[in-house]
Amino acid sequence: MNRVQIGELAWPVYAEKVKNGAIALIPVGALEQHGPHMSMNPDVLLPTAISERVAANIDGLVAPAIAYGYKSQQKSGGGNHMPGTTSLDGSTVTCIIRDVLKELARHGVRKAVLVNGHYENSAFITEGVDLALRELRWDDIPDFRCIILSYWDFIDQETIDAIYQGDFPGWAVEHGGVLETSLMLHLHPDLVDMRLVHDHPPATFPPYDFFPIKPEWTPSSGCLSSARRASAEHGQLILNVCVDGISAALKTAFD
Ligand SMILES: [Zn+2]
């Protein structure tokens, strides 16, 4: 396969691809517990795998993933009190995004895609993009353009129905559930142990956040819904839908 990871290229090869207008994809993840049955790096591995396949389809490039993300929130990631979860302040996430985008622009990249793998990152990615575009205008680079996406938004209703059979709990409580576990079973089966899945109903929360958090709101597994129905076959299906959908979107979105 044509190499797409920027870090694996020699600079003249990279420079040539950039000169030819390659789109740069940047996976943005987190180091966050994902239950007793799975490693703590799905938010990095999954957007990276998707980005690499999309880049192969569109002759694009993939920047090294940002391996830390914004603080895990109790109602979407179990909470930042869990062992292992290692998070950044929002302003740090914003500055990393801004700095990486400005560097890519300095190389000549003019189209970038932030591929988010961690729910809580969204607003800080948006802020980083906004600051980068503003500062690039000051630097007389007015034509740099960005797309921000979360890969799960490309999973269509037909796929949701096929996988969840009417029991879709919503993406926010999918943390460590069927979606991520299925993708990991397909892509990195050595990092999942289905024997350790805690089977419990989706977590329920009041319609507000409380700080300092009440740890007892989070299921003891750290997952917000059960991964019992996860399978490698579901993972393959989800991966294909995401890669096809994102590839198709990127072929027209920058026109
Ligand atoms: Zn996750």
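First things first, this report covers the structure right here in the doc. Within each chain, residue numbers correspond to sequence positions counted from 1 in written order. Under the rules for a predicted model, residues below a pLDDT of 70 receive no local features and side-chain atom pairs below 80 are neither given nor counted, while totals for whole chains, interfaces and linings still include all residues. Each side-chain value is worked out from all heavy atoms of the structure, with water and hydrogens disregarded.

**Section: the pairing of strand β5 (residues 111-116)**
At step 1: The classification of residues rests on relative accessible area computed with a 1.4 Å probe and restricted to protein chains. Under 20% of the type maximum is buried, over 50% is exposed, and intermediate values are partly exposed. Secondary structure elements are taken from DSSP: a helix is a run of H or I of four residues or more, a strand is a run of E of two residues or more, and numbering for both begins at the N terminus. With respect to burial, β5 is a largely interior element, 5 of its 6 residues being buried.
At step 2: Pairing between strands requires that DSSP locate at least two bridges from one strand to the other. Direction of pairing for strand β1 (residues 24-28) relative to β5: parallel, over a ladder of 5 bridges. Along β5, the bridge assignment pairs Val28 with Asn116.
At step 3: In this structure, β5 lies alongside strand β6 (residues 145-150), joined through 6 bridges in parallel fashion. In the sheet register, Val115 faces β6, and the bridge partner there is Leu149.
At step 4: The path from the first strand over the helix to the second decides the hand: if it runs clockwise while the strands point away from the viewer, the crossover is right-handed. In this region the chain leaves β5, passes through helix α5 (residues 122-138) and returns to the parallel neighbour β6; the handedness of that crossover is right-handed.

**Some points on the coordination of the zinc ion**
At step 1: Looking at the metal site, the zinc ion is ligated by His34 (NE2), Asp43 (OD) and Glu180 (OE), spaced 1.8 to 2.0 Å from it.
At step 2: Counted as donors are the N, O and S atoms within 2.8 Å of the metal, or 3.2 Å for Na, K and Ca, while water is not among the atoms, so some sites may look incomplete. As a motif over one chain, the donors of the zinc ion read H-x8-D-x136-E. One end of the pair, Asp43, is in helix α2 (residues 42-58); the other, Glu180, is in helix α7 (residues 178-187), and 137 residues separate them in sequence.
At step 3: You can call Glu180 buried: its relative accessible area is 7%.

**What to know about the nonpolar core**
At step 1: Put simply, buried Ala, Val, Leu, Ile, Met, Phe, Trp, Tyr and Cys residues joined by side-chain atoms within 4.5 Å make one nonpolar core. If you look at the biggest cluster of nonpolar residues, it comprises 39 residues, and the most contacted ones within it are Val113, Tyr151, Leu179 and Leu250.
At step 2: Residue assignment for this core shows that the elements contributing at least two residues are α2, β5, β6, α6 (157-164), α7 and α8 (232-253).
At step 3: In what follows, residue pairs with any heavy atoms lying within 4.5 Å of each other are defined as contacts. Once residues within four sequence positions are removed from consideration, Leu179 is found in contact with Tyr151, Trp152, Ile155, Tyr164, Trp171, Glu174 and Ile238.
At step 4: Listed in part, the 27 residues of the second largest apolar core include Ile26, Val28, Leu101 and Ala112.

**Let's talk about the state of the cysteines**
At step 1: Cysteine sulfur atoms are paired as a disulfide whenever they fall within 2.5 Å. Under the defined criterion, the tally for this structure stands at 0 disulfides.
At step 2: Left without a disulfide partner, Cys146 is nearest to the cysteine sulfur of Cys95, which lies 16 Å away.
At step 3: Cysteine Cys223 remains unbridged, with the sulfur of Cys242 as its closest cysteine sulfur at 20 Å.

**Details of the packing of aromatic side chains**
Each pair of aromatic rings is reported with the distance of its centres and the angle of its planes.
At step 1: Side-chain rings of Phe, Tyr and Trp, where Trp is taken by its six-membered ring, are said to pair if the distance between their centres is within 6.5 Å; with planes under 30 degrees apart they count as stacked, over 60 as edge-to-face, and otherwise as tilted. In total, this model carries 8 aromatic pairs according to the counting rule given.
At step 2: Residues Tyr119 and Trp152 carry aromatic rings whose centres are separated by 6.4 Å and whose planes lie at 25° to one another, so their mutual orientation is stacked. Note that Tyr119 is positioned in the loop between β5 and α5 and Trp152 in the loop between β6 and α6, a separation of 33 residues in sequence.
At step 3: When the centroid spacing of 6.0 Å and the interplanar angle of 65° are considered together, the rings of Tyr208 and Trp217 count as edge-to-face.
At step 4: The exposure class assigned to Trp217 is buried, which follows from its relative accessible area of 19%.

**Some points on the side chain of Ser247**
At step 1: Mapping Ser247 onto the fold places it in helix α8.
At step 2: Judged by its relative accessible area of 3%, Ser247 is buried.
At step 3: Looking at Ser247, its side chain comes within polar contact range of the main-chain oxygen of Val243, at 2.6 Å.
At step 4: In contact with Ser247, other than residues within four places in its own chain, are Val54, Asn57 and Ile58. Polar contact is defined as a pair of N or O atoms within 3.5 Å, subject to the rule that within protein one atom must be able to donate a hydrogen and the other to accept it, and that residues adjacent in sequence are counted only when both atoms are side-chain atoms.

**Some remarks on the pairing of β1**
At step 1: Judged by how many residues are buried, β1 sits mostly within the fold: 5 of 5 residues are covered.
At step 2: Burial along β1 is two-sided: the residues Ala24, Ile26 and Val28 and Leu25 and Pro27 are all buried.
At step 3: In this region the chain leaves β1, passes through α2 and returns to the parallel neighbour strand β2 (residues 61-62); the handedness of that crossover is right-handed.

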